[in-house]
Amino acid sequence: MLTLALSKGRIFDDTLPLLASAGIRVADDPDTSRKLILSTNRPDVRIIIVRASDVPTYVLYGAADVGVAGSDVLLEHDARHGSAGMYRPIDLNIARCRMMVAVHEGFDYEAAVRSGARIRVATKYVDTAREHFAAKGMHVDLIKLYGSMELAPLVGLADAIVDVVSTGGTLKANRLIAVEEVCPVSARLVVNQAALKVKRTEVQALLDAFELAVKAVP
Ligand code: AMP
């Protein structure tokens with residue numbers, strides 16, 4: 001049995017065509033079903049639905065053989081736990097966005113940087129943000145949030161946020177502006193190291209099919 005960990009939303013939706021190219025069709029829709037283990041047309045392949053930030057954990061411990069995780073999630077995981085135990089063989093080029101520093105439109109970020117002011121930054125990417133600002137020589141107080149980072153500068157919790165931005169619509173709707181890129185983000189296939197040895201044939205077949213499908217996208 002091959003177990004693949006996916007998160008609902010963008011990653012699930014964008015992974016479906018890649019699975020189809022490997023001959024795998026998912027039997028349930030996670031948006032309407034409450035099942036956490038989804039079967040597929042292949043009796044030897046199942047999908048588990050986990051929170052995006054939990055994908056590396058399931059794969060690292062071997063509860064899932066493979067998974068699809070955003071590079072934002074992987075960066076944060078690695079900063080905390082190191083990169084051992086998991087291969088990341090393919091950039092799937094899906095769920096693409098950018099991790100950005102954003103501030104309220106009335107906040108002069110450049111002036112704060114120039115003057116060496118200590119700023120407060122709210123984010124769920126605490127370790128990635130710490131490394132980003134340390135590399136710039138900036139002093140920041142980091143505030144960990146688990147969601148809706150965009151709210152923090154609006155109610156005085158923070159001067160800035162570090163969050164992923166796709167269309168920019170959410171920032172705009174909340175009168176925030178992106179002032180700096182931290183890194184580009186896309187989802188990668190991650191593989192448990194032991195599974196690659198023990199289930200070599202099945203895992204390699206999936207990797208090959210995904211690789212071909214990714215290359216076929218212009
Ligand atoms: P947007 O308004 O299109 O810029 O989307 C921004 C919101 O969607 C933010 O709250 C992000 O946390 C979330 N988001 C956008 N792109 C992604 C992605 N590729 N992966 C995870 N979350 C995302």
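Fair warning: this is a prediction, and the values are worked out from it, not measured in the lab.

Caption draft 1: Examining the sheet that holds strand 9 (residues 160-165) more closely. Spatially, 5 strands are ordered 8-7-9-6-10 in an open sheet, and the strand pairing comes out mixed. At either end of the open sheet lies a strand with only one pairing partner, and these are strand 8 (140-144) and strand 10 (176-185). Neighbour-to-neighbour, the strand axes of the sheet open up by a mean angle of 30 degrees, direction not taken into account. The strands touched by helix 3 (residues 71-81) within the sheet are strand 6 (97-104), strand 9 and strand 10, with strand 10 carrying the most contacts at an inclination of about 75 degrees.

Caption draft 2: Quick look at the domain arrangement of the chain. Annotation of the chain at the domain level lists domain 1 (2-95 + 186-216) and domain 2 (97-184). If you look at the interface, domain 1 gives 10 residues, while domain 2 gives 13 residues. Of the roughly 790 Å² buried between domain 1 and domain 2 on both sides combined, carbon and sulfur atoms contribute 43%. In terms of surface lost to domain 2, no three residues of domain 1 exceed Asp-72, Leu-75 and Glu-76, which account for 53% of the buried area on that side.

Caption draft 3: The arrangement of the packing of helix 1 (residues 10-21) against helix 8 (residues 200-216) in detail. Packing of helix 1 against helix 8 leaves a shortest axis separation of 8 Å and a crossing angle of 115 degrees. Note that helix 1 runs across helix 8; the crossing there is right-handed. Here helix 1 contributes Thr-15, Leu-18, Leu-19 and Ser-21 to the contact with helix 8, which in turn contributes Ala-209, Phe-210, Ala-213 and Val-214. Counted by class, the contact of helix 1 with helix 8 contains 6 nonpolar, 2 polar and no charged residues.

Caption draft 4: Here's a closer look at the side chain of Asp-65. As for its placement among the helices and strands, Asp-65 is situated in the loop between helix 2 (55-60) and strand 4 (66-70). Engagement of the side chain of Asp-65 in a polar contact is seen with the backbone nitrogen of Thr-3, the distance being 2.8 Å. Excluding residues within four positions of it along the chain, Asp-65 makes contact with Met-1, Leu-2, Thr-3, Val-59, Val-190, Val-191, Asn-192, Ala-195 and Lys-199.

Caption draft 5: Up close: the nonpolar core. Leu-6, Leu-19, Ile-47, Val-68, Leu-92 and Phe-210 are the most contacted members of the largest nonpolar core, which totals 31 residues. Taken together, the elements giving at least two residues each to this core come down to strand 1 (2-6), helix 1, strand 3 (45-49), strand 4, strand 11 (187-192) and helix 8. Sorting elements by how many residues they give to this core places helix 8 first, with 7 residues. Apart from the residues lying within four places of it in its own chain, the contact partners of Leu-6 are Ile-11, Phe-12, Thr-15, Leu-19, Ile-47, Ile-48, Ile-49, Val-50 and Val-68. Counting residues in each nonpolar core, the second largest holds 18 residues, with Ile-119, Phe-133, Val-140 and Ala-160 among its members.

Caption draft 6: A look at the sheet that holds strand 3. The 6 strands lie next to each other as 2-3-1-4-11-5, forming an open sheet whose pairing is mixed. Because the sheet does not close on itself, it has two edges, and the strands there are strand 2 (37-39) and strand 5 (86-91). Pairs of neighbouring strands in the sheet enclose a mean axial angle of 30 degrees, with direction left out of account. Pairing between strand 5 and strand 11: 4 bridges, direction antiparallel. Residue pairing across strands places Ile-90 opposite Leu-189, the latter belonging to strand 11. Sheet contacts for helix 1: strand 1, strand 2, strand 3, strand 4 and strand 11; angle to strand 1, the most-contacted strand, approximately 145 degrees. Against the sheet, helix 8 makes contact with strand 1, strand 4, strand 5 and strand 11, and its axis sits at roughly 30 degrees relative to strand 5, the strand it touches most.

Conventions adopted
- Residues numbered from 1 in each chain as written.
- Predicted model: local features only at pLDDT ≥ 70, side-chain atom pairs only at ≥ 80, totals over all residues.
- Heavy atoms only, no water.
- Pairing = 2+ DSSP bridges.
- Helix = DSSP H or I, 4+ residues; strand = E, 2+ residues; numbered from the N terminus.
- Axes fitted to C-alpha atoms, helices over the stretch in contact; angles between N-to-C directions.
- Contact = heavy atoms within 4.5 Å.
- Domains from an automatic or database assignment.
- Buried area = accessible area lost by both parts, 1.4 Å probe.
- Left-handed = near helix turned anticlockwise from the far one by under 90°.
- Nonpolar A, V, L, I, M, F, W, Y, C, P; charged D, E, K, R; others polar.
- Polar contact = N/O pair within 3.5 Å; in protein donor to acceptor, adjacent residues only side chain to side chain.
- Core = buried A, V, L, I, M, F, W, Y, C linked by side-chain atoms within 4.5 Å.
- Buried < 20%, exposed > 50% of the residue type's maximum accessible area, 1.4 Å probe, protein only.

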